Amino acid sequence: RFGLLSEKISGAEGTKHDRDFVTMEKKIDITSKAIFDLLSKTTEYLQPNPAYRAKLGMLNTVSKMRGQVKTVGYPQTEGMLGDVMLRYGKELGEDSSFGCALVDVGEAMKQMADVKDSLDISVKQNFIDPLQSLQDKELKEIGHHLKKLEGRRLDFDYKKKRQGKIPEEEVRQAVEKFDESRELAERSMINFLENTEPQVSQLAALVEAGLDYHRQSLEILEELNSRLKSRISTESHRPKKEFNPKSVMRSLETIESLPHNGLSYSSSVKSTGVSIRLSISELARLTCHMILMILST
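Since we're looking at a predicted model, the values are computed, not measured.

**A closer look at the overall build of the chain**
Along the backbone of the chain there are 10 helices and zero strands. Going from N to C terminus, the chain has its helices and strands arranged as α-α-α-α-α-α-α-α-α-α. For the chain, the residues scored as buried account for 28% of the 297 residues in total. Pairs at least 24 residues apart make up 78% of the contacts formed inside the chain by residues separated by at least 6 positions.

**Describing helix H6 (residues 138-161)**
With 24 residues, H6 ought to run about 34 Å at 1.5 Å a step, and its terminal C-alpha atoms sit 35 Å apart, in line with that. Within the span of H6, buried status applies to Leu139, Ile142, His145, Leu146, Leu149, Arg152, Arg153, Leu154, Phe156, Asp157 and Lys159.

**Observations regarding the packing of helix H2 (residues 19-46) against helix H7 (residues 168-193)**
One way to put it is that H2 packs onto H7 with a least axis distance of 10 Å and a crossing angle of 60°. Taken as axis vectors, H2 and H7 run oblique relative to one another. In this structure, H2 meets H7 at a crossing whose hand is left-handed. Note on element contacts: H7 touches H2 through Arg182, Ala185, Glu186, Met189, Ile190, Phe192 and Leu193, opposite Phe21, Met24, Glu25, Lys27, Ile28 and Thr31. Counted by class, the contact of H2 with H7 contains eight nonpolar, one polar and four charged residues.

**Focus on the side chain of Ser217**
Looking at the element boundaries, Ser217 is found in helix H8 (residues 197-237). Judged by relative accessible area, which is 6%, Ser217 ranks as buried. Setting aside chain neighbours within four positions, we find Ser217 in contact with Met112 and Val115.

**Comments concerning the packing of aromatic side chains**
When we look at a pair of aromatic rings, we describe it by the centre distance and by the angle of the planes. Applying the stated criterion to the full structure yields one aromatic pair. Between Phe156 and Phe178, the aromatic rings sit 5.5 Å apart at their centres with planes inclined by 5°, giving stacked as the arrangement. With Phe156 in helix H6 and Phe178 in helix H7, this residue pair connects regions lying 22 residues apart in the sequence. The class of Phe156 is buried, set by a relative accessible area of 11%.

**Thoughts on the nonpolar core**
Counting residues in hydrophobic clusters, the biggest one holds 33 residues, and the most contacted among them are Val123 and Met189. Put simply, the parts of the chain that give this core at least two residues each are H2, helix H5 (97-136), H6, H7 and H8. Here this core takes 12 residues from H5, the largest share from any one element.

**Remarks on the environment of Lys90**
With respect to the helices, strands and loops of the structure, Lys90 is situated in helix H4 (residues 77-92). Since its relative accessible area comes to 62%, Lys90 is described here as exposed. For Lys90 and Cys100, which are 10 residues apart along the polypeptide, the C-alpha to C-alpha distance reads 7.7 Å.

**Regarding the environment of Arg227**
For Arg227, the position within the fold is in helix H8. Of the residues examined, Arg227 reaches a relative accessible area of 38% and is grouped as partly exposed. Put simply, Arg227 and Val105 are 122 residues apart on the chain and 9.5 Å apart in space, counted from C-alpha to C-alpha. At 3.1 Å, the side chain of Arg227 forms a polar contact with the side chain of Asp104.

**Some words on the pattern of salt bridges**
A complete count under the given rule lists 18 salt bridges for this structure. Of the charged contacts, one joins Asp104 and Arg231 as a salt bridge, the two residues approaching to 2.6 Å between their closest N and O atoms. Here Arg231 lies in helix H8 and Asp104 lies in helix H5, a separation of 127 residues in the sequence. In this structure, Arg187 and Glu183 form a salt bridge, with 2.7 Å as the shortest nitrogen-oxygen distance. On the criterion of helical spacing, the pair formed by Arg187 and Glu183 is a turn pair, its members being four residues apart in helix H7. Judged by relative accessible area, Glu183 falls into the partly exposed class, the value being 46%. Members of the salt-bridge network, linked through shared partners, are Glu150, Arg153, Asp157 and Lys160.

**A short note on the confidence of the model for the chain**
Counting all residues, the mean pLDDT for the chain is 80, and 70% of those residues have values of 70 or more. Per-element averaging of pLDDT across the chain places helix H1 (residues 2-10) at the bottom with 48 and H8 at the top with 95. Note on residues 1-5: pLDDT under 50 across the span, and four contacts to partners over four residues away in sequence or across chains. The low-confidence segment residues 61-69 (pLDDT under 50) makes 11 contacts with residues lying over four places distant or belonging to another chain.

**Remarks on H2**
Within an α-helix, residues lying three or four positions from one another point in the same direction, as the helix has 3.6 residues per turn. For H2, which comprises 28 residues, the first-to-last C-alpha distance of 40 Å matches the rise-based estimate of 40 Å (1.5 Å per residue) to within 8%. Taken together, the buried positions of H2 are Phe21, Met24, Ile28, Ile35, Leu39, Thr42, Thr43 and Leu46. The N-cap of H2, judged by a side-chain oxygen 3.1 Å from the amide nitrogen of Asp20 a few residues on, is Asp18.

The rules behind the values
- In this convention, every chain numbers its residues from 1, walking through the sequence in written order.
- In view of the model being predicted, local features appear only for residues whose pLDDT reaches at least 70, and side-chain atom pairs are presented and counted only at 80 or more, with totals across whole chains, interfaces and linings using the full set of residues.
- Hydrogens and water are ignored here; the side-chain numbers use all heavy atoms of the structure.
- Secondary structure elements are taken from DSSP: a helix is a run of H or I of four residues or more, a strand is a run of E of two residues or more, and numbering for both begins at the N terminus.
- Summary of the burial criterion: residues with accessible area below 20% of their type's maximum are buried, those above 50% are exposed, and those between are partly exposed, where the area comes from a 1.4 Å probe applied to protein chains only.
- The contact criterion used is simple: two residues touch if any of their non-hydrogen atoms lie within 4.5 Å.
- Here the expected span of a helix is defined as 1.5 Å times the quantity of residues minus one.
- Note on method: axes are straight lines fitted to C-alpha atoms, helices fitted across the in-contact stretch only, with angles between N-to-C directions ranging 0 to 180 degrees.
- These descriptions rest on fixed angle ranges, namely under 35 degrees for roughly parallel, over 145 for roughly antiparallel, 65 to 115 for roughly perpendicular, and the rest for oblique.
- Should the near helix be turned anticlockwise from the far one by less than a right angle, the crossing is left-handed, and should it be turned clockwise, the crossing is right-handed.
- Note that Gly is not counted as nonpolar here; it falls among the polar residues with everything else outside the nonpolar set of Ala, Val, Leu, Ile, Met, Phe, Trp, Tyr, Cys and Pro and the charged set of Asp, Glu, Lys and Arg.
- The criterion for an aromatic pair is that two Phe, Tyr or Trp rings (for Trp, the six-membered ring) have centres within 6.5 Å, with stacked assigned to planes under 30 degrees apart, edge-to-face to planes over 60 apart and tilted to the rest.
- Among the buried residues, those of types Ala, Val, Leu, Ile, Met, Phe, Trp, Tyr and Cys that are joined through side-chain atoms within 4.5 Å form a nonpolar core.
- Residues adjacent in sequence count toward polar contacts only when both atoms are side-chain atoms; beyond that, a polar contact is any pair of N or O atoms within 3.5 Å, and within protein one must be able to donate a hydrogen and the other to accept it.
- Basic side-chain nitrogens of Lys or Arg form a salt bridge, by our definition, when they fall within 4 Å of a carboxyl oxygen of Asp or Glu.
- Residue-level confidence of the predictor, termed pLDDT, takes values from 0 up to 100.

Here you go:
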């Protein structure tokens, strides 16, 4: 810190690294920024919904194995749409062409949700996680070496300017530490920049996962489209029911004209009414008779 402050105050030019070292340092810096943005934008690509995007970080990356379906832990929009279609399609019933079509599309949407789950798992496992590991380990280690190198450079420059005022041994040690840190930083950057095959493979894995997702989605949608066209063709050739308006008055007249045990509907209703009235009168007479008997005793 003192060396940096002294350099800024004096305006003296510090020890410069050679062009190759500066070029590598710049590439490492660009790579670090690129990976940081890639991690953010890839999760946004997988899950545009911010709430779901936050949960993607907790996604278990264990892939589907032995036919076991991996539950991602949050609903895909395709699956939610499919649930709505299936619910109302089943409520309309099999005798409804629209209901059957809703079930067809709903089932396809649920399949699309499963395919999207597979995409999320594959990209998380084969692209996001390796990049995250790269950022947390190798790039972090390189950054540590460069930061340590900068500290030792400032210390070396400060002691070099004070040569003659401080012991030669301190200057020599500062030079040795500076060279040691520079060698470690340079070696770590060279190893990283000369071994970019894993990063290219991870990009290929991202593209492959996307291709697989769109390939399966295309198959599902093509089959669905064929089924819907078949339903449309069947529906267009199905004879339509003719509309026959029904009159309530005509229905009543029809009922009255029907015989009921030799009597018309109106007469049977009237006779039923009389019998009901007679039964009530008889009940009332018997009730009064019982009350009189009780009072007389």
